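Now for the letters of each chain:
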Amino acid sequence: MYKRQNSDNALEHFVRRFFEINGAVIEQRPDGLEALLPEHLAVRLNTPEYLHIATGENAKEKFTVNYGSPLLEKIVDAACDAAPLISCRLDFNYIKRQGFDRLIQNQFVFFNCVGRVKSAAEVRTAYLLLTCRYLAQSDEQKEGLIALAFNLETGAAVSDMAKMLNTVERTFETDSASTLSEDDKVEEILTWVQRQAGRVVVREIEPFQDSMNRRFQRDVANLEEYYEDLKKEMEESLKRPGISAQLMSDRKNKIRLIPDELERKKADLFKKYSIRVKLGLCGGIQIRTPAVKILFQTSFGRKQKQLPMIYNPVTKSMDPLVCDGCGDSTFNIRFCDRLHILCPACSTKCPVC
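Participant: Let's hear about the sheet that holds strand β16 (residues 341-342): which residues, and what values?
Facilitator: Across the sheet, 3 strands lie side by side as β6-β15-β16; this open sheet has mixed pairing. Of all strands in the sheet, those bounded by a partner on one side alone are β6 (109-110) and β16.

Participant: Provide a residue-level description of the side chain of Q286, including the pertinent values.
Facilitator: For Q286, the position within the fold is in strand β10 (residues 276-300). Owing to a relative accessible area of 14%, Q286 belongs among the buried residues under this scheme.

Participant: Kindly report on the packing of helix α7 (residues 206-237) against helix α8 (residues 245-273), identifying the contributing residues and their values.
Facilitator: Their axes nearest at 10 Å, the elements α7 and α8 cross at an angle of 170°. On the basis of their axis angle, the class for α7 and α8 is roughly antiparallel. Its residues assigned to classes, the contact of α7 with α8 shows 13 nonpolar, 1 polar and 12 charged.

Participant: Hey, could you go over the pairing of strand β2 (residues 32-36) for me, with residue numbers and the actual values?
Facilitator: The element β2 is largely enclosed, with a buried count of 4 among its 5 residues. Bridging between strand β1 (residues 25-29) and β2 involves 5 bridges; their strand directions are antiparallel. Residue pairing for β2: V25 is matched across the bridge by L36. Hairpin geometry of β1 and β2 is characterised by an intervening segment of 2 residues between the two adjacent antiparallel strands. Examined bridge by bridge, β2 and strand β3 (residues 50-55) share 5 bridges and lie antiparallel to one another. Each residue of the ladder has a partner; that of G32, found in β3, is A54.

About the cut-offs
- Residues numbered from 1 in each chain as written.
- Predicted model: local features only at pLDDT ≥ 70, side-chain atom pairs only at ≥ 80, totals over all residues.
- Heavy atoms only, no water.
- Pairing = 2+ DSSP bridges.
- Helix = DSSP H or I, 4+ residues; strand = E, 2+ residues; numbered from the N terminus.
- Buried < 20%, exposed > 50% of the residue type's maximum accessible area, 1.4 Å probe, protein only.
- Axes fitted to C-alpha atoms, helices over the stretch in contact; angles between N-to-C directions.
- Parallel < 35°, antiparallel > 145°, perpendicular 65-115°, else oblique.
- Nonpolar A, V, L, I, M, F, W, Y, C, P; charged D, E, K, R; others polar.

The following block contains the structure:
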């Protein structure tokens, strides 16, 4: 009986949190919950905007929440549609406070300029770690998970953060849980994901892609050999005595059509072994952590520019800088005449200027 009561309490807490997160007003009653739902949520659940929700194992009213009830099934479906976002706080006994000049020199390449650390101060910053599921489909399919980490302040992609996070002391903050769809930076985050996910997935599926390429080349070689043999056989048949003029004309026409038919078959094979990738967001962790913000002063000729940089205590390295032109993360830094930070791809013609 005690276990059933705990189970009912956990279920009621889940339902209450679901409604609150989705903008409903909830009031506790002795026999359940009174709920005032926003219009979009009432439409989604196919309920009135105002309703009484009965709870408990023996609840018999129209809108009840117990295991197997229709309303709970709809709530679970709606909750699973949104990618969950949880928050955690990182704690460190020690954070690096010196030696940043050497660290920056080892990580970054600055074209045609020199630089030095002007100041360093401990700050609080936030990262977003997103877990995405990919499905690569061709003649076969491959699926897996990739992790993408971004500094929420700068937008820099931090490639090593996900695999090193397990080595750090973490405190999860359940009270601040929300959904990614509610984040006011969602459009900017989606841009970051679109920019980084493609190259990460390409690395992940490289063996799969190599396998499909080998099979494609093998089948193309077999196809070319088959049509070459077919052409020779048909050409030899034209030399046989007694062949009629009509049959000879038909076979010559077929021989002329062989290259076109071969190209169509190759196109079919190309389509068969082409890889289509679907990417879906599974969830994310918002990471609040101490870090060190560094002002790095670069000089080239009489021009100077101060670059704010972040030392990441999780990776024990500097985060990359973000190109002003394309938004990509880079350790290879160039500047245009107006001192915009540029990656190598944007350095020939500054997109900002």
